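Structure at a glance
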Amino acid sequence: AQSVTQLDSQVPVFEEAPVELRCNYSSSVSVYLFWYVQYPNQGLQLLLKYLSGSTLVKGINGFEAEFNKSQTSFHLRKPSVHISDTAEYFCAVSRWGNQGGKLIFGQGTELSVKP
Amino acid sequence: ETGVTQSPTHLIKTRGQQVTLRCSSQSGHNTVSWYQQALGQGPQFIFQYYREEENGRGNFPPRFSGLQFPNYSSELNVNALELDDSALYLCASSLRVAGGTDTQYFGPGTRLTVL
């Protein structure tokens, strides 16, 4: 079975500051990794995904994430945040070989960007 | 936007009633997954449909059931509603191809309130 832990439930940060949202996972098999963003009263939007290859993945809106197999982590980073980045961010995994199968999500991290 | 649509956007029901939620897949997608997102939580996998058959189910009771139609749209039915069924219900579509399945793209969700 797989599980996902997002280490921070809330991350407040000032505009133009860097941010890191932390995600650790547990799995007995190889997994695919995803970050989704959810703006208020909306569905989930895919930010980026790691399937294989380079461990540094670049996504939309200037976000990137690094897969670290030894630490079973997939932390999300942005060098300079904007007010519009305020949202809930979810880390998710699915079993390798089943990219479109069951997604297991973390509890979410609320990113609050202040002016 | 992903092209995945859901209806209705909001719904209020009373305990014991039945509800049907609808989802239209993104063009070209053949797989639909349903998730339940309780307030302040990450989404939880309910089930997935491929070629009109259930293809994987999460830890939800049988009163949660679904259908997929030949045009790949889908319905989620919940019988005997309970107060804890109050949540945002998310539909995600993807394309299953030989050797794997593409990434899931989410709709805006249906907010169900059970009184």
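In every chain, residue numbers begin from 1 and rise along the written sequence. Both sets of labels track the order of writing: A upward for chains, 1 upward for ligands. In keeping with the model being predicted, local features are shown solely for residues with a pLDDT of at least 70 and side-chain atom pairs are shown and tallied solely at 80 or more, while totals for entire chains, interfaces and linings include all residues. Where side-chain values are given, they derive from all heavy atoms of the structure, hydrogens and water being excluded.

Looking at the overall build of chain B
Selection rule: Each helix is a run of DSSP H or I of at least 4 residues and each strand a run of E of at least 2, with the numbering of both proceeding from the N terminus. As defined in this context, the radius of gyration uses C-alpha atoms, and a globule is described by 2.2 Å times the residue total to the power 0.38. Categorising residues by exposure relies on relative accessible area from a 1.4 Å probe, with only protein chains included: less than 20% of the type maximum marks a residue as buried, more than 50% marks it as exposed, and the intermediate range marks it as partly exposed. Methods summary: accessible areas were calculated by the Shrake-Rupley approach with a probe of 1.4 Å, and residue burial reflects only the protein chains presented. Asp and Glu count as negative and Lys and Arg as positive, but His and the ends of the chain are not part of the count. Every charge is mapped onto a representative atom, which is NZ of Lys, CZ of Arg, CG of Asp or CD of Glu.
Tallying secondary structure elements over chain B gives zero helices and 13 strands in all. Mapped in sequence order, the helices and strands of chain B form the string β-β-β-β-β-β-β-β-β-β-β-β-β. For chain B, whose C-alpha radius of gyration is 13 Å, the value lies close to the compact-globule estimate of 13 Å for 115 residues. Each of the 115 residues in chain B was classed as buried or not, and the buried ones make up 50%. Only carbon and sulfur atoms are counted for the fraction: they give 49% of the accessible area of chain B, which is about 5,500 Å². Across chain B, the centroid of the 8 positively charged side chains sits 4 Å from that of the 9 negatively charged ones.

Observations concerning the layout of surface pockets
Our working definition: Only protein atoms enter the calculation, which uses a 1 Å grid: trapped sets of points that fit a 1.4 Å probe without letting it out are cavities, open sets showing protein on both sides within 12 Å along at least five of seven lines are pockets, and any residue with an atom within 4 Å of a point is a lining residue. Grid points are joined across faces, edges and corners, and a volume is the space filled by probe spheres set on the points. Residue type decides the class: Asp, Glu, Lys and Arg count as charged, Ala, Val, Leu, Ile, Met, Phe, Trp, Tyr, Cys and Pro as nonpolar, and the leftover types, Gly among them, as polar.
Size it by volume and the largest pocket reaches roughly 590 Å³. Taken together, 26 residues form the lining of the largest pocket, with A:Gln38, A:Tyr39, A:Pro40, A:Asn41 and B:Arg111 sitting closest to its centre. Every element with two or more residues in the lining of the largest pocket is listed here: strand 10 (87–95) and strand 12 (109–114) of chain A. The element contributing the most residues to the lining of the largest pocket is strand 10 of chain A, with three residues. The residue makeup of the lining of the largest pocket, split by class, is nine nonpolar, 14 polar and three charged.

What to know about the side chain of B:Thr20
All names here are of chain B. Note the cut-off: We define a polar contact as two N or O atoms separated by no more than 3.5 Å, with the added condition that, inside protein, one atom must be a possible hydrogen donor and the other a possible acceptor, whereas residues neighbouring each other in sequence contribute only through side-chain atom pairs. In what follows, residue pairs with any heavy atoms lying within 4.5 Å of each other are defined as contacts.
The residue Thr-20 is located in strand 3 (residues 19–24) in this model. Within polar-contact distance, the side chain of Thr-20 engages the side chain of Gln-18 at 3.0 Å. If near-sequence neighbours (up to four positions away) are discounted, Thr-20 is found in contact with Glu-75, Leu-76 and Asn-77.

Here's the deal with the packing of aromatic side chains
Operational definition: Here the aromatic set is Phe, Tyr and Trp, taking the six-membered ring for Trp, and pairing holds for ring centres within 6.5 Å; pairs whose planes are under 30 degrees apart are stacked, those over 60 apart are edge-to-face, and all others are tilted. A positively charged side chain is recorded as over a ring if its NZ (Lys) or CZ (Arg) lies within 6 Å of the ring centre. The angle to the ring normal must also be within 35 degrees.
Taken as a whole, this structure holds 13 aromatic pairs over all chains when the rule is applied. Taking 6.2 Å as the distance between ring centres and 70° as the angle between the ring planes, the aromatic pair formed by A:Phe105 and B:Phe106 counts as edge-to-face. You can see A:Phe105 sitting in strand 11 (residues 104–105) and its partner B:Phe106 sitting in strand 12 (residues 105–106), one on each of two chains. Like B:Phe106, A:Phe105 is buried. Relative to B:Phe106, the ring of B:Tyr35 lies with its centre 5.5 Å away and its plane at 50°, an arrangement referred to as tilted. Of the two residues, B:Tyr35 is situated in strand 4 (residues 31–37) and B:Phe106 in strand 12; the sequence distance between them amounts to 71 residues. Put simply, the rings of A:Phe34, A:Tyr36, A:Phe90, A:Phe105, B:Tyr35, B:Phe45 and B:Phe106 touch in pairs and so form one group of aromatic residues. The cationic tip of B:Arg96 hangs over the ring face of B:Tyr50; the distance from NZ or CZ to the ring centre is 4.5 Å.

Quick look at the nonpolar core
This is how it is decided: Only buried Ala, Val, Leu, Ile, Met, Phe, Trp, Tyr and Cys residues count toward a nonpolar core, and they belong to the same one when joined by side-chain atoms within 4.5 Å.
Ranked by internal contacts, the top residues of the largest apolar core, which has 29 residues, are A:Leu33, A:Trp35, A:Leu47, A:Leu48, A:Phe74, A:Leu76 and A:Tyr89. Core analysis: the second largest hydrophobic core is formed by 20 residues, B:Val19, B:Phe47, B:Val78 and B:Val114 among them.

Looking at the state of the cysteines
So the rule is basically this: Cysteine sulfurs are considered disulfide-paired once they come within 2.5 Å of each other.
Under the defined criterion, the tally for this structure stands at two disulfides over all chains. Sulfur-sulfur distance for the disulfide between A:Cys23 and A:Cys91 comes to 2.0 Å. Where A:Cys23 bonds to A:Cys91 through sulfur, the torsion about that S-S bond is close to -65°, and the disulfide is left-handed. Of this pair, A:Cys23 sits in strand 4 (residues 23–26) while A:Cys91 sits in strand 10, placing them 68 residues apart in sequence. Accessibility assignment for this pair places A:Cys23 and A:Cys91 in one class, buried. The disulfide partner of B:Cys23 is B:Cys91, and the S-S distance across this bridge is 1.7 Å. Between B:Cys23 and B:Cys91, the disulfide has an S-S torsion of -55° and is therefore left-handed. Taken as a pair, B:Cys23 in strand 3 and B:Cys91 in strand 9 (residues 87–94) lie far apart in primary sequence, 68 residues in all.

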